[in-house]
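Structural features, examined
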Amino acid sequence: MSETRAEAPSPQLLERIRRQRRHTLELLTVCAVGLVPWTILLAFTLPSGYTVRQWRTTWVGFDVLLLLAMAATALLGWRRHRGVVVAAVSTGALLVCDAWFDVSLALGSPDVWWSAALAVCVELPLAGFLIHRVLGMLKLAQWPSAPQGRIR
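Report on the accompanying structure. Since the structure is predicted, the reported quantities are computational estimates derived from the model, not experimental observations. (Residues numbered from 1 in each chain as written. Predicted model: local features only at pLDDT ≥ 70, side-chain atom pairs only at ≥ 80, totals over all residues. Heavy atoms only, no water.)

1. A closer look at unusual backbone geometry
The phi torsion at Q54 lies on the positive side, around 60 degrees, for a residue other than glycine. The backbone of R80 shows a phi angle near 55 degrees, a positive value even though the residue is not glycine. Since its relative accessible area comes to 78%, R80 is described here as exposed. (Buried < 20%, exposed > 50% of the residue type's maximum accessible area, 1.4 Å probe, protein only.)

Structure, rendered in structure tokens:
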């Protein structure tokens, strides 16, 4: 049986990958640094209470988004498509956000216990499970190795 090997990536491709990685990391670094003063500003300037319009639309819309993410994760998983990784991480992140907003917005009301129970017993465990499964899939992935070592 003969072994089929993939061709080594060209130097131009490796350089393009390095440049894209560097630009992405620079953008994320600038955004993270810029978010610090913005968060501090919000902490001091936002009101502690706020009357909201379109409350139902906001929450139903968020739950529809969560439903679509879960459905995409299930569909891609059943089809054994590698896009399941992105869908599962997105679903996990949305579940964490759902738990956070449900609990934090219910603080000071009798509904906080129901929100906390759902967060602790359903949303956060499912988010953790999905992220754990993605990490397991990434460990199994066969990553192409660059002939010159790491791509920097």
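After that view of the structure, there is still more to cover.
2. Observations concerning the environment of E123
For E123, the position within the fold is in helix α4 (residues 112-140). The spacing of E123 and W100 is 23 residues in sequence and 9.7 Å in space, taken between C-alpha atoms. If sequence neighbours within four positions are ignored, E123 has contacts with L95, D98, A99, D102 and L118. (Helix = DSSP H or I, 4+ residues; strand = E, 2+ residues; numbered from the N terminus. Contact = heavy atoms within 4.5 Å.)

3. Quick word on the packing of aromatic side chains
Within the structure shown, the criterion is met by 2 aromatic pairs. Residues W55 and W59 carry aromatic rings whose centres are separated by 6.0 Å and whose planes lie at 65 degrees to one another, so their mutual orientation is edge-to-face. On the criterion of helical spacing, the pair formed by W55 and W59 is a turn pair, its members being 4 residues apart in helix α2 (residues 55-78). Between W59 and F62, the aromatic rings sit 6.0 Å apart at their centres with planes inclined by 70 degrees, giving edge-to-face as the arrangement. One end of the pair, W59, and the other, F62, are both in helix α2, 3 residues apart, so they sit about a helical turn from each other. Through a chain of ring-to-ring contacts, the aromatic side chains of W55, W59 and F62 assemble into a single cluster. (Phe/Tyr/Trp six-rings, centres within 6.5 Å; stacked < 30°, edge-to-face > 60°.)

4. Let's talk about the packing of α2 against helix α3 (residues 84-106)
Packing of α2 against α3 brings their axes to within 8 Å, and their N-to-C directions diverge by 150 degrees. The orientation of α2 relative to α3 falls into the category roughly antiparallel. As for how α2 packs across α3, the hand of that crossing is left-handed. In contact with W55, W59, F62, D63, L65, L66, A69, M70, A72, T73, L76 and G77 of α2, α3 contributes V84, A87, A88, T91, L94, L95, C97, D98, F101, D102 and L105. For the contact of α2 with α3, the per-class residue count stands at 17 nonpolar, 3 polar and 3 charged. (Axes fitted to C-alpha atoms, helices over the stretch in contact; angles between N-to-C directions. Parallel < 35°, antiparallel > 145°, perpendicular 65-115°, else oblique. Left-handed = near helix turned anticlockwise from the far one by under 90°. Nonpolar A, V, L, I, M, F, W, Y, C, P; charged D, E, K, R; others polar.)

5. Observations regarding the packing of α3 against α4
In the contact formed by α3 and α4, the axes pass within 8 Å of each other and the chain directions differ by 160 degrees. Taken together, the axes of α3 and α4 lie roughly antiparallel to each other. When you trace α3 past α4, the crossing you get is left-handed.

6. Some points on α2
For α2, with 24 residues, the first-to-last C-alpha span of 35 Å sits near the 34 Å given by 1.5 Å per residue. Within the span of α2, buried status applies to W59, F62, L66, A69 and T73. With its phi angle positive at about 55 degrees, R80 sits one or two positions after the end of α2. (Expected span 1.5 Å × (residues − 1).)

7. With respect to the layout of surface pockets
Of the volumes computed, that of the largest pocket is approximately 470 Å³. Around the largest pocket, the lining is made up of 14 residues, and of these V52, W55, F101, S104 and L105 lie nearest the centre. Mapped by element, the contributors of at least two residues to the lining of the largest pocket are α2 and α3. Partitioning the lining of the largest pocket into residue classes produces 10 nonpolar, 4 polar and no charged. (1 Å grid on protein atoms, 1.4 Å probe; cavity = no way out; pocket = protein on both sides within 12 Å on 5 of 7 lines; lining within 4 Å. Points joined across faces, edges and corners; volume = space filled by probe spheres on them.)

8. Details of the pattern of salt bridges
This structure, assessed with the given rule, holds 2 salt bridges. For R18, the salt bridge is made with E15, and the minimal N-O distance between the two is 3.7 Å. Of this pair, R18 and E15 both sit in helix α1 (residues 11-45), 3 residues apart, which is roughly one turn of that helix. Among the salt bridges present, the one from E26 reaches R22, with a minimum N-O distance of 4.0 Å. Separated by 4 residues within a single helix, E26 and R22 lie in helix α1, roughly one turn from each other. (Salt bridge = Lys/Arg side-chain N within 4 Å of Asp/Glu carboxyl O.)

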